[in-house]
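Notes for the structure review
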Amino acid sequence: MIKTFSAAWVLPMDGQLIENGEVVTEDGIIVDIRPIATPSKDRTHLSNAVILPGLINAHTHLEYTALRGFLEDVSFFTWIRTLNRTKAHFTAEDWVVSAKLGALECLASGITTIGDNTDSGASMDATLWAGLRGRIYQEFFNIDHRTPVEGTAQDLFEKLSALSARRGSRMEVGISPHATYTIRPEMFEAIHRDRRFDGVPISIHVAESPAEVQMTTEGAGPFAEMFERRGIVWTPPRVSPTRYVYDQGAMGDKTLLIHCVHQDESDIALAASSCSAIIHCPKSNAKLGAGIAPLDQWLKTSDLKLGIGTDSAVSNNSIDLFEEMRFALLLQRGRVESVDNVKAVDVLQMATSGGAAAMGMDADVGTLTPGKKADLIAVDLSALHMAPATDPQSALIYSGRASDVRLTVIGGEVCYHDGIFMLVDSDEVLTEAARLKKKISMVGNS
Ligand SMILES: [Zn+2]
């Protein structure tokens, strides 16, 4: 079936901006990008809008969306400890509602592909329901020497198999050794030598906070103190978090390194030489007081794959990549006191073609190219905060908001159009989320 989407502008991200352009799709695949040709009855015309590739949110946790606003103004260490305690009160159904809330926000924000780290597995249910594309990484944890690694590996394998069995045609699966402070070396080794995990994509939080750096380099700080209180044996490797993850064999061309706020030149070189990708989450890092990542250094490093992510709504608080791109750009310019190091196109690439390459999905998505999946969005340029939008790319980065998204198409299917979710019932999810809100406030007060 042929469907055509046209607008005042088409920004393919692998070629020139087209004025009065159209994207022709057939059976979910892009077949042509061109100036508007003869009128067709299967055309959806967006007038004063720009059509671009669907955005790629390479790091999020959809299942935490209902916890938005629950953990404000606390340090990273307190944040993660409280989050882990609160998680125990959620049922499997609660996680699915929370993840669906996040999936709806993705569709309404022009996000078509996600890299999602899940503990409960609910993100898979939500993405299948919403029709999103991407990869779900099953999280696992084992820091306590008294917890056998074999049991954790078996449990991980079973969860991964369960995710894989119901993943549908748009989703892939991977694993997420959660972080340096929740996975001990023996656990990394167990996964490394277990043939069942050969070639499975990895997503890991690394070098996020000063507390983490203190833990790996000196064996001191809040994480090390917590280990001591809980009787956990921890031998500091006395290297940076990035070097530590590298030494554990967890870096490679299928690895996403999430955050990487605290990296020096040698850490960045390790990421590049191992063909790992770095996923930048600047708002989450700033909100938790974790620091400002060296984006300008990353951009100068040849062959380093870079994507961008919102992280979860419990540390951001919006799943809005327009806000994330702008924040990344402006924050970095403020940090380096120059406009030369980071350009608008750099952050837009991170949210499209760069994010696709980071996730190993660039053959399918990330640019509007004939032969790729018909994942595209249309962003309105007529709102007051955009007008007069003379350059659509600069309007998107410097003024754009998630609420400017008019159309979200995945695999040729219109999922969201002018405020309406075309394929799912959003009211039901919002009603359930209101029920969850009461439960969360009770947990918070207990
Ligand atoms: Zn995260």
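Residues numbered from 1 in each chain as written. Predicted model: local features only at pLDDT ≥ 70, side-chain atom pairs only at ≥ 80, totals over all residues.

Observations concerning the environment of F223
- Take F223: it is sitting in helix α7 (residues 221-229).
- By C-beta crowding, F223 is classed as buried, having 24 other C-beta atoms within 10 Å.
- Separated by 42 residues in sequence, F223 and Y181 have C-alpha atoms that sit 7.0 Å apart.
- Residue contacts for F223: discarding those within four places in its chain leaves Y181, A211, E212 and M215. (Helix = DSSP H or I, 4+ residues; strand = E, 2+ residues; numbered from the N terminus. Buried ≥ 20, exposed ≤ 12 C-beta atoms within 10 Å, placed from the backbone. Contact = placed C-beta atoms within 7 Å.)

Observations regarding unusual backbone geometry
- Here the residue pair N316 and N317 is connected by a cis peptide bond, since its omega of 15° sits within 30 degrees of zero.
- Look at the link from A387 to P388: it is a cis peptide, with omega at -10°.

Things to note about the domain arrangement of the chain
- Looking at the assigned domains, one finds that the chain contains domain 1 (2-53 + 371-426) and domain 2 (55-358).
- One C-alpha centre belongs to domain 1, the other to domain 2, and the line joining them spans 30 Å.
- Counting residues at the interface gives 26 residues for domain 1 and 25 residues for domain 2.
- With five residues, the top contributor of residues to the side of domain 1 that touches domain 2 is helix α15 (residues 392-398).
- By residue class, the composition of the side of domain 1 that touches domain 2 is 16 nonpolar, six polar and four charged. (Domains from an automatic or database assignment. Nonpolar A, V, L, I, M, F, W, Y, C, P; charged D, E, K, R; others polar.)

Regarding the nonpolar core
- Judged by nonpolar contacts, the single largest core of 133 residues is most densely connected at V50, I51, L257, I279 and M325.
- Of the residues forming this core, the biggest block, ten residues, is contributed by helix α2 (residues 92-108).
- The two domains that each donate at least three residues to this core are domain 1 (2-53 + 371-426) and domain 2 (55-358).
- Aside from chain neighbours lying at most four places away, what touches I51 is F5, A7, V10, V23, L46, L376 and A378. (Core = buried A, V, L, I, M, F, W, Y, C linked by C-beta atoms within 7 Å.)

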